[in-house]
Amino acid sequence: MYLGLDLGTSGLRGILVNDAGIVEGSAESRILTSCPKPGWSEQSPSDWIEACKEVVLQLREAHGTSFSALRGIGLSGHMHGATLLDANGNVLRPCILWNDTRASREAEILDQSPGMRASSGNIVFPGFTAPKLEWVRANEPDLFVKIAKVLLPKDYLRLWLTGDYVSDMSDSAGTSWLDVGARRWSETALEQSHMNIEQMPRLVEGSDPGGELRSELQQEWGVSGQVVIAGGAGDNAAAACGIGSISDGTGFLSLGTSGVLLVSRDKYAPAPETAVHCFCHSVPDRWIQMGVILSATNSLNWLSRNLGQSVGDLVAALPADLDGPSEITFLPYLSGERTPHNDSAIRGAFLGVDISSEAIDLTRAVMEGVAFAMRDCLEALKSTGTKPTSLLAVGGGARSHYWLKSLATVLNTPLALPQGSEFGAAIGAARLAMCSVTGAPPGTIMTSPKIDRVIEPRQDLVDAFETEYQRYRQYYSALAPFAKR
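None of the values given here were measured: they were computed from a predicted structure.

## Description of the overall build of the protein chain
- Scanning the protein chain from N- to C-terminus turns up 18 helices and 24 strands.
- Overall, the C-alpha framework of the protein chain stretches about 65 × 50 × 45 Å when taken along its three principal axes.
- Here the protein chain, with 485 residues, has 61% of them falling under the buried criterion.
- A sequence separation of at least 24 residues applies to 73% of the contacts in the protein chain between residues at least 6 apart.
- Summed over all atoms, the accessible surface of the protein chain reaches about 18,200 Å², with 47% contributed by carbon and sulfur.
- Of the side chains in the protein chain, 40 bear a positive and 54 a negative charge, and the two mean positions are spaced by 2 Å.

## Section: unusual backbone geometry
- At the junction of threonine 339 and proline 340, the peptide bond is cis and its omega measures out at 0° in the coordinates.
- Of note in this structure, histidine 194 is not a glycine but carries a positive phi near 60°.
- Counting through the fold element by element, histidine 194 comes out in the loop between α9 (187-192) and β12 (202-204).
- The class for histidine 194 is partly exposed, based on a relative accessible area of 42%.

## Description of the nonpolar core
- Ranked by size, the top nonpolar core spans 63 residues in total, and within it Leu133 and Trp177 carry the most contacts.
- Aside from chain neighbours lying at most four places away, what touches tryptophan 177 is Thr129, Ala130, Leu133, Val150, Trp185, Ser186, Ala189, Leu190, Ser193, Met195 and Met200.
- Counting residues in each nonpolar core, the second largest holds 53 residues, with Ile293, Tyr333, Ala371 and Leu417 among its members.

## Description of the packing of helix α3 (residues 104-111) against helix α5 (residues 129-139)
- Taken N-terminus to C-terminus, the directions of α3 and α5 make an angle of 115°; their axes are 8 Å apart at the nearest point. Relative to α5, the crossing made by α3 is right-handed. Within the contact between the two elements, α3 uses Glu106, Ala107 and Leu110 and α5 uses Ala130, Pro131, Glu134, Trp135 and Asn139.
- Broken down by class, the residue content of the contact of α3 with α5 amounts to five nonpolar, one polar and two charged.

## A short note on the side chain of serine 76
- Here serine 76 shows up in strand β5 (residues 72-77).
- A distance of 3.0 Å separates polar atoms of two side chains, one belonging to serine 76 and the other to aspartate 6.
- Every residue in contact with serine 76, bar those within four places of it in the chain, is listed here: Leu5, Asp6, Leu7, Lys154, Ala233, Gly234, Asp235, Ala238, Ala425 and Ala429.

## Some thoughts on the environment of glycine 291
- Position of glycine 291 relative to the elements: it lies in strand β19 (residues 287-293).
- When sequence neighbours within four positions are dropped, the list of residues in contact with glycine 291 reads Gly259, Val260, Leu261, Thr339, Cys377 and Leu381.

## Overview of the packing of aromatic side chains
- Evaluated as defined, the whole model comprises 14 aromatic pairs.
- On the numbers, 4.8 Å between centres and 40° between planes, the contact of phenylalanine 330 with phenylalanine 350 is tilted. With phenylalanine 330 in strand β20 (residues 329-331) and phenylalanine 350 in strand β21 (residues 349-351), the pair connects residues that are 20 residues apart, well separated along the chain.
- Using a relative accessible area of 24% as the deciding quantity, one classes phenylalanine 350 as partly exposed.
- Above the plane of the ring of tyrosine 165 lies lysine 149, whose end atom (NZ or CZ) is 5.5 Å from the centre.
- For the cation-ring pair, arginine 183 lies above tryptophan 287, with the distance from its terminal atom to the ring centre recorded as 5.0 Å.

## Points about the pattern of salt bridges
- All chains considered together, the criterion is met by 23 salt bridges.
- Across the salt bridge formed by glutamate 28 and arginine 13, the nearest N and O atoms sit 2.7 Å from each other. Of the two residues, glutamate 28 is situated in strand β3 (residues 23-30) and arginine 13 in strand β2 (residues 11-17); the sequence distance between them amounts to 15 residues.
- Residue aspartate 111 is joined to arginine 117 by a salt bridge in which the shortest nitrogen-to-oxygen separation is 2.8 Å.
- Via salt bridges that share partners, Glu42, Arg93, Asp100, Arg102 and Glu140 belong to a single interconnected network.

## A short note on helix α15 (residues 401-411)
- When you tally the buried positions in α15, you get ten out of eleven residues, the bulk of the element.
- Along α15, the residues classified as buried are Tyr402, Trp403, Leu404, Lys405, Ser406, Leu407, Ala408, Thr409, Val410 and Leu411.
- Positive backbone phi, at 50°, marks asparagine 412, one or two positions downstream of α15.

## Concerning the side chain of threonine 339
- Along the chain, threonine 339 falls in the loop between β20 and β21.
- Filtering out sequence-adjacent residues up to four positions away, threonine 339 remains in contact with Thr274, Ala275, Val276, His277, Met290, Gly291, Val292, Ile293, Cys377 and Ala380.

## What to know about helix α1 (residues 45-62)
- With 18 residues, α1 should cover 26 Å at 1.5 Å per step; its first-to-last C-alpha distance of 26 Å lies within 8% of that length.
- Taken as a whole, α1 has its buried residues at Pro45, Trp48, Ile49, Ala51, Cys52, Val55, Val56 and Leu59. Looking down the long axis of α1, one finds its buried residues gathered within 160° of arc, a one-sided arrangement.

## Points about the environment of glutamine 289
- Position of glutamine 289 relative to the elements: it lies in strand β19.
- Between the C-alpha atom of glutamine 289 and that of leucine 381, which follows or precedes it by 92 residues, the distance is 7.7 Å.
- Discounting residues that sit within four places of it in the chain, glutamine 289 has contacts with Leu261, Leu262, Val263, Arg265, Ala269, Val276, His277, Leu381, Thr384 and Thr386.
- At 2.3 Å, the side chain of glutamine 289 forms a polar contact with the side chain of threonine 386.

## Regarding the packing of helix α12 (residues 297-307) against helix α14 (residues 359-383)
- Their axes nearest at 10 Å, the elements α12 and α14 cross at an angle of 160°. Overall, the two elements α12 and α14 adopt an arrangement that is roughly antiparallel. In this structure, α12 meets α14 at a crossing whose hand is right-handed. Residues Ser299, Leu300, Leu303 and Leu307 of α12 touch α14, and the partners they reach there are Ala359, Leu362, Thr363, Val366, Met367 and Val370.
- Looking at side-chain class alone, the contact of α12 with α14 contains eight nonpolar, two polar and no charged residues.

Parameters at a glance
Residues numbered from 1 in each chain as written. Predicted model: local features only at pLDDT ≥ 70, side-chain atom pairs only at ≥ 80, totals over all residues. Heavy atoms only, no water. Helix = DSSP H or I, 4+ residues; strand = E, 2+ residues; numbered from the N terminus. Buried < 20%, exposed > 50% of the residue type's maximum accessible area, 1.4 Å probe, protein only. Contact = heavy atoms within 4.5 Å. Areas by Shrake-Rupley, 256 points an atom, 1.4 Å probe, with all protein chains shown as cover. Lys, Arg positive; Asp, Glu negative; His and termini not counted. Charge placed at Lys NZ, Arg CZ, Asp CG, Glu CD. Core = buried A, V, L, I, M, F, W, Y, C linked by side-chain atoms within 4.5 Å. Axes fitted to C-alpha atoms, helices over the stretch in contact; angles between N-to-C directions. Left-handed = near helix turned anticlockwise from the far one by under 90°. Nonpolar A, V, L, I, M, F, W, Y, C, P; charged D, E, K, R; others polar. Polar contact = N/O pair within 3.5 Å; in protein donor to acceptor, adjacent residues only side chain to side chain. Phe/Tyr/Trp six-rings, centres within 6.5 Å; stacked < 30°, edge-to-face > 60°. Lys NZ or Arg CZ within 6 Å of the ring centre and 35° of its normal. Salt bridge = Lys/Arg side-chain N within 4 Å of Asp/Glu carboxyl O. Expected span 1.5 Å × (residues − 1). Arc of directions from axis to C-beta. Parallel < 35°, antiparallel > 145°, perpendicular 65-115°, else oblique.

Function cannot be inferred from these measures alone, as they are strictly geometric.
Written out as structure tokens, the structure reads:
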């Protein structure tokens, strides 16, 4: 048996998979995020451990015999988080998360530093790890001098599981400290951000072993044999493994808390000027290109919270099919934006709200606004010469037929909905565990899933949505100069 653990922003999901790759059980535990100041987003690393204990307990209670045959664990997690530890492995402060924008000034300075883009292959975005450490150095200097190790969120969970300081290539690519082409820590990037290589974890490929389960946990969990912890992956690279996207040109559109348009590549192809992310894949000799927006389903969650209606109720009120674009335009920049703008100051807006506008109109506008933002990502990827040969739709937002129809029409691209897509990155993590234990080539494990259905664009509405997309782009250009800086 193999356990895939996906540490998401809102919770930890665990799935138990047998050696045929079939899911035998799943469990979840929620995790709270703190936003103590505008633009700040933090979590307590101890909550990740408690969530893992809860997930394992649920799986053991429901699948005790199967769980006792555990041989490998794969880890996936939200990227870029700065988990700061002292020389004894103690947490120094809450983890600063991927959607935290406090380090925008530090990111701008680092991005202009010699060698940063050349080694990392990316813009230094405010949400990346390196600028967060520069913020800590400037604002919490007494704490900064105590930092012995910096770990990404899933790798702190690994530390608890194994006692080892280890990370994988795909997750580490989002720190700005990795030489993404060479797949090793960049001494130039570390030096520019006042860090050193001793503060970094050991690197492994995601499909290789990255530690063993501590004997104390083996006994506590009732596991008899050795349990290998795979290198694992950042959440999007893990999701790519989960749907078999490791070949050049294959990819997916993910509607999670953030929105991602990802395409796998068999060569390193950085294009930082486009704000497209170029990271290592979680398997050797592969890379990924991604367009990323910061608020996808998070935009709908925000609307739900402020209207006092559940997301389910808002979505249920929508028509069964598209009948044209909304008269209201929504800019989904609730936490700033990455691709293509790299703008941490821009904020969201509704434009065209009328006295007759109702909750259903705002819901439609939010979904379309996210679709237009994903179109921005597609255009950015196209500008690098990357054209997806196929796109699968994954993530929580992919449960909405209306939203998928909007996206397919705005992108003018069919979207395939895979079976089992709700498990996403957790499936990918379990597959990486299978590779690390068996030594099987990733291509034999990370196969494509069966397709449940394909959502085709509404060709009779493509032109109408294209007109609205161009209006959407103009709104950003008009409002950006007024954003607070």
